[in-house]
Amino acid sequence: MPKQLLLVFTLLLLSGCALKEESIQTHSYKIVVKTKTIRIADAGFLKQSPGYQSLQIFTAGTAILRVELSDRACLNGRCTTREDFNTRLFGYAYYKNIMDDILSQRPLYNKKHLVKIDGGFKQQIQSKYYDIFYRVQNENVYFKDTLNHVLIKLQRI
C-alpha cells in the first residue's frame, strides 16, 4: 500500500508540473539603477511572463535589488501601488506602468517624440516635471531623467 500511495503522489506531482503553461522568459543583463535613494550596478536577471515582470540584481551571488511588477509593484518584498512605487523609486510618479514599458523595451508616453534608429528607437520627452532621454537599441535600454536624477541601464549579456 505505501508504494501505491507514493506512486499516486508522484504522478500527481508530475502531472501538476506538466499542466503549467506559463511562458517565462529570462534574460541576463548588466544593470545600472541610480536614483536619489538607490545606486546599484551589477549583473542581474529580467524574468517576464504575461502580467508579471521581475528584475533582480545580484552581488556576490546575493540578490541586492528585486523589483516585481504585476497588478502591484514590489521593491525588495515591500509592495505598494504603482504610483507610490514610481514616486519612491524615481522621485516622480510619471504614469503608472512606466517601469513595465522600460523593462519590456516599449516606447514611453504613447510614443511621444519617437524617432526610429538602427536597431530600435529613441525618445526625448520634456516637461516641467521631467527631462527624459530614453533609448532602446539592440535589446539594450537606456533611460535617463536629468531633472529627477534617475538612470536605468540594461545591457544584454
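Residues numbered from 1 in each chain as written. Predicted model: local features only at pLDDT ≥ 70, side-chain atom pairs only at ≥ 80, totals over all residues. Heavy atoms only, no water.

How would you sum up unusual backbone geometry? Please name residues and give values.
Located in the positive-phi region is Tyr94, a residue other than glycine, with phi close to 45°. On the secondary structure map, Tyr94 appears in the loop between α2 (82–90) and α3 (98–103). Located in the positive-phi region is Lys111, a residue other than glycine, with phi close to 65°. Mapped onto the secondary structure, Lys111 falls in the loop between α3 and β7 (114–117). Look at Lys111 and you get exposed, because its relative accessible area is 54%. (Helix = DSSP H or I, 4+ residues; strand = E, 2+ residues; numbered from the N terminus. Buried < 20%, exposed > 50% of the residue type's maximum accessible area, 1.4 Å probe, protein only.)

Requested: an account of the sheet that holds strand β2 (residues 39–49), with residues and values cited.
Here 11 strands make up an open sheet; going across it, the order is β6-β5-β4-β3-β2-β1-β11-β10-β9-β8-β7 and the pairing antiparallel. Either end of the sheet is taken by a strand with one partner, and the two such strands are β6 (78–80) and β7. Going across the sheet, the axis of each strand differs from the next one's by a mean of 20°, ignoring polarity. Here strand β5 (residues 73–75) pairs with β6 via 3 bridges, running antiparallel. Paired with Ala73 across the strands is Thr80, a residue of β6. (Pairing = 2+ DSSP bridges. Axes fitted to C-alpha atoms, helices over the stretch in contact; angles between N-to-C directions.)

Describe the pairing of strand β11 (residues 150–156), listing the residues and the values that go with them.
Consecutive side chains along a regular strand alternate between the two faces of the sheet. Where strand β1 (residues 25–34) and β11 come together, 6 bridges link them in antiparallel fashion. Considered in β11, the bridge of Val33 is made with Ile152. Here strand β10 (residues 140–145) runs beside β11; their pairing, made up of 5 bridges, is antiparallel. Bridge pairing in β11 places Lys144 opposite Leu151.

Tell me about the nonpolar core, and name the residues and values.
Membership of the largest hydrophobic core comes to 33 residues, with the highest contact counts inside it found for Phe90, Tyr94, Ile102, Leu108, Ile132, Tyr134 and Phe143. The element that contributes the greatest number of residues to this core is α3, accounting for 4 residues. Not counting residues within four places of it along the chain, the set of residues in contact with Tyr94 comprises Tyr109, Tyr130, Ile132, Phe143, Asp145, Asn148 and Val150. (Core = buried A, V, L, I, M, F, W, Y, C linked by side-chain atoms within 4.5 Å. Contact = heavy atoms within 4.5 Å.)

Which residues make up the pattern of salt bridges, and what values go with them?
Tallying each qualifying case throughout the model produces 5 salt bridges. A salt bridge links Asp100 to Arg82, with the shortest nitrogen-to-oxygen separation between them at 2.3 Å. Taken as a pair, Asp100 in helix α3 and Arg82 in helix α2 lie far apart in primary sequence, 18 residues in all. With a relative accessible area of 10%, Asp100 lands in the buried category. The partner of Glu139 in a salt bridge is Arg156, with the nearest N and O atoms 1.8 Å apart. On the criterion of sequence distance, the pair formed by Glu139 in the loop between β9 (131–137) and β10 and Arg156 in strand β11 is long-range, its members being 17 residues apart. By relative accessible area, Glu139 is classed as partly exposed at 41%. (Salt bridge = Lys/Arg side-chain N within 4 Å of Asp/Glu carboxyl O.)

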